[in-house]
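# A closer look at the structure
The primary structure of each chain is shown beneath.
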Amino acid sequence: MKKSLVAVGVIVIVAIIWTIGSWYTGKKIEGEFDTFIERTNTTLKNNAPEAGINVKTENYQRGIFTSNADIVIDIKENSERKNTTVKFATKIFHGPFPINKIVKLNLLPRLASTTIELVKNETTEELFKYTQEQAFIIGDVDVGFNEGLDANLNLSPLDGNPYGKNITFSGGAINYVGNTDLKDIKISVVSDNFVIGNKEKTESMTLKGLNIQSDLSLTPFNFYSGKQTLNISDINFNSDDIKFSFKNFAINLDSVLKDDSIDGKISYSINDLIAKEQNLGSGELTLLIERMDAKAFGNFLKSYNDEIAHNLANGNPLYNADTIFAQLLVENLPSLLKNSPRIVIEPFYWKNSAGQSNIKIDIDMKPWTLNQLSVYSQNNQYDQVIKALFNHFNINVNLSKPMLIEMLTQTEILSSDDKVTTPEQKTLFSQKATAQISEFESSAKQNVFTSPTEYFLSDEKKAQLNEDRPILPWMLVTKDNMTMDIHYAGDELKMNNQAFKLVEFLINIGLMDNPSSQPATTPKTTPQSN
């Protein structure tokens, strides 16, 4: 009897503690909920003001063990000056041991566990017609005592004509791991298949194998750094006018904060671009920026986002966003260059069945001011302008003639009004492309130091001029390739195997007057060109 009373007493005590704990965590989660919404709006304003999104809560009803609330997302429509509203119903199970987790024998303590579901309203009712009245988005969110968030959302399959479009969607998943302060964010978005087209089914786009991954952290300079990837395994466009497809489209971003500098790399790649049954090839472009001043970069982003937010608040369209970006970039450029950033483009290539062409650029910048450059320019010191701009730079261009001929031939085929190209037409297009490359090759062999006005001079006069200056072709030409190499460092510039003092090169090319103390000289070596 005594043991039974003790057992009952323990159960009662546990129940009381659980009730008090649930009541306490219920109060705490309400405050965390409001704080999280506020932080979300701040993050959106700072990083994506052009989206015009505002998040708020409505109908918060707190109980002892559970609470209910609606999350409302308002999206401002500039054109019609009205908001599109999307609403989610949430049921919050209070910690430390949420009921919905206990029934699944998950006894890990947490602040709360929340279920979330898209609500049917004027905006979303079209979706519900084609999901068998199931919510298009449904999932759960766990909130830890350390303010950690773990969210898992499922997107329902969709098949029908919502919003006037013919859509087939296999469904998908969105996962989020981070903190309520939004300082660390990990997001994953995955979907197998998505098809969208018009009701007549004369136009469609098919997207397969979507995979988005993001792992970001907020820097002290109020912008995010980390890794982001976008991969699509297969995209296919079909219409009456044109059909094209490509595979393995990828965008990769990677940025790292190093003391007061930010290093960033972005790459784009695509395989098997096909149009009019022509495989146009594959390519990749990677841009690397090292030693960008982090504080200046943060200020630049803030200025841009503030300007975009100001335009939205005043109902102005965002078609001038690129202009705003360019203007602010010019204004902030000296401060962005404070830490002498390095800019590298490599790899940058395109290849097709006939060959591959590559471009490599490596530029090591210096900090400078417009006033400094202006003084040098006014005093005919253009060599000093370059020295003020760059520590060094390297440019390498390697063009495959067969690849360019194939590319120009395919361009002609794509430009043709004929849906099917005959072998005879392709031969004519190939001959035209060969002639164009031959003409380009002739221009590439011209002397860099030849003035355009000299083309009107007699051959005798041209020969006389060439006796007094170096012969340097724009590109070195072989049977299958045309190449250009430029290397600059300090006071030396080397182009296509010929070395010059920087001032000599600028004088010879006509960009700088010849000071009497520094006459131009002719290099002794000549390039090998076929």
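The rules behind the values
Residues numbered from 1 in each chain as written. Predicted model: local features only at pLDDT ≥ 70, side-chain atom pairs only at ≥ 80, totals over all residues. Heavy atoms only, no water. Helix = DSSP H or I, 4+ residues; strand = E, 2+ residues; numbered from the N terminus. Contact = heavy atoms within 4.5 Å. Core = buried A, V, L, I, M, F, W, Y, C linked by side-chain atoms within 4.5 Å. Buried < 20%, exposed > 50% of the residue type's maximum accessible area, 1.4 Å probe, protein only. Phe/Tyr/Trp six-rings, centres within 6.5 Å; stacked < 30°, edge-to-face > 60°. Pairing = 2+ DSSP bridges. Axes fitted to C-alpha atoms, helices over the stretch in contact; angles between N-to-C directions. Parallel < 35°, antiparallel > 145°, perpendicular 65-115°, else oblique. Nonpolar A, V, L, I, M, F, W, Y, C, P; charged D, E, K, R; others polar. Salt bridge = Lys/Arg side-chain N within 4 Å of Asp/Glu carboxyl O. Patch = residues over 30% accessible without salt bridge, like charges linked within 9 Å, V, L, I, M, F, W, Y side chains within 5 Å. Areas by Shrake-Rupley, 256 points an atom, 1.4 Å probe, with all protein chains shown as cover. Lys, Arg positive; Asp, Glu negative; His and termini not counted. Charge placed at Lys NZ, Arg CZ, Asp CG, Glu CD. Polar contact = N/O pair within 3.5 Å; in protein donor to acceptor, adjacent residues only side chain to side chain.

## Focus on the environment of glutamate 412
By secondary structure assignment, the location of glutamate 412 is in helix H8 (residues 401-415). Considering only alpha carbons, one finds glutamate 412 and lysine 426, 14 residues apart in sequence, at a separation of 8.6 Å. With sequence-adjacent residues up to four places away left out, glutamate 412 is seen in contact with Phe429 and Lys432.

## Let's talk about the nonpolar core
One finds Met495 and Phe505 to be the most contacted residues of the largest nonpolar core, which totals 36 residues. At the level of elements, helix H7 (382-389), strand E18 (390-400), H8, helix H9 (423-444), strand E20 (481-489), strand E21 (492-495) and helix H11 (502-509) are the ones that each hand at least two residues to this core. If one sorts the elements of this core by residue count, H11 sits on top with 5 residues. Excluding its chain neighbours within four sequence positions, the residues that come into contact with methionine 495 are Val448, Leu472, Pro473, Trp474, Met484, Asp485, Ile486 and Phe505. One finds Phe33, Ile37, Val86 and Leu153 within the second-largest nonpolar core, a separate group that totals 22 residues.

## A closer look at the side chain of threonine 124
Take threonine 124: it is sitting in the loop between strand E4 (112-118) and helix H3 (125-129). Setting aside residues up to four positions removed in sequence, threonine 124 forms contacts with Val86, Leu118, Val119 and Tyr163.

## Structural notes on the packing of aromatic side chains
According to the stated counting rule, one finds 13 aromatic pairs in the structure shown. Seen from their ring centres, phenylalanine 223 and phenylalanine 297 are 5.0 Å apart, and the 85° between their planes marks the pair as edge-to-face. In this pair, phenylalanine 223 sits in the loop between strand E11 (204-218) and strand E12 (224-238) while phenylalanine 297 sits in helix H4 (residues 294-313), placing the two residues 74 residues apart along the sequence. On the accessibility criterion, phenylalanine 223 (4% relative accessible area) is buried.

## Remarks on unusual backbone geometry
Note that the residue after glutamate 346, namely proline 347, is joined by a cis bond; omega there is 0°. Its location among the elements puts proline 347 in strand E16 (residues 342-352). The backbone phi angle of aspartate 259 is positive, close to 55°, even though this residue is not glycine. Along the chain, the position of aspartate 259 falls in the loop between strand E13 (243-258) and strand E14 (261-275). Judged by its relative accessible area of 74%, aspartate 259 is exposed.

## Here we look at the pairing of E12
Looking at chain direction, E11 and E12 are connected through 14 bridges and run antiparallel. Looking at the pairing, leucine 218 lines up with tyrosine 224 of E12. Where E11 folds back on E12, the antiparallel hairpin that results is connected by 5 residues, among which asparagine 222 adopts a positive phi of roughly 70°. Here 11 bridges tie E12 to E13, and the two strands are oriented antiparallel to one another. Residue aspartate 234 lies in a different strand from E13, and its bridge partner there is lysine 247.

## Considering the pairing of strand E5 (residues 137-143)
Taken across its 7 residues, E5 has 5 buried, putting it largely inside the fold. Bridging between E4 and E5 involves 6 bridges; their strand directions are antiparallel. Bridging across to E5, serine 113 finds its partner in aspartate 142.

## What to know about the packing of helix H6 (residues 370-378) against H7
Two quantities define a packed helix pair, namely the angle between the axes and the distance from one axis to the other. The geometry of H6 relative to H7 is characterised by a closest axis approach of 7 Å and an angle of 160° between their N-to-C directions. In terms of orientation, H6 lies roughly antiparallel with respect to H7. Contact with H6, carried on its side by Gln372, Leu373, Tyr376 and Ser377, involves Tyr382, Gln384, Val385, Ala388 and Leu389 of H7 and no other residues of that element. Grouping the amino acids of the contact of H6 with H7 by side-chain chemistry returns 6 nonpolar, 3 polar and no charged.

## What about the pattern of salt bridges?
For the coordinates displayed, the defined rule picks out 16 salt bridges. Note that glutamate 58 is salt-bridged to lysine 56, the shortest N-O span being 3.8 Å. Residue glutamate 58 is classed as partly exposed on the basis of its relative accessible area of 28%. Taking the shortest distance from any N to any O, the salt bridge between glutamate 441 and lysine 445 comes out at 3.5 Å. Among the residues examined, glutamate 441 registers a relative accessible area of 17% and is labelled buried.

## Here we look at a negative patch on the surface
Taken together, the side chains of Glu200, Glu203, Asp240 and Asp241 make up a negatively charged region of the molecular surface. Mapped onto the elements, aspartate 241 comes out in the loop between E12 and E13. Exposure remark for aspartate 241: the relative accessible area of 74% places this residue in the exposed category.

## Structural notes on the side chain of asparagine 352
By the secondary structure assignment, asparagine 352 is in strand E16. Reaching out from asparagine 352, the side chain makes a polar contact with the backbone oxygen of methionine 403 at a distance of 3.1 Å. Not counting residues within four places of it along the chain, the set of residues in contact with asparagine 352 comprises Leu280, Gly281, Met403, Glu406 and Met407.

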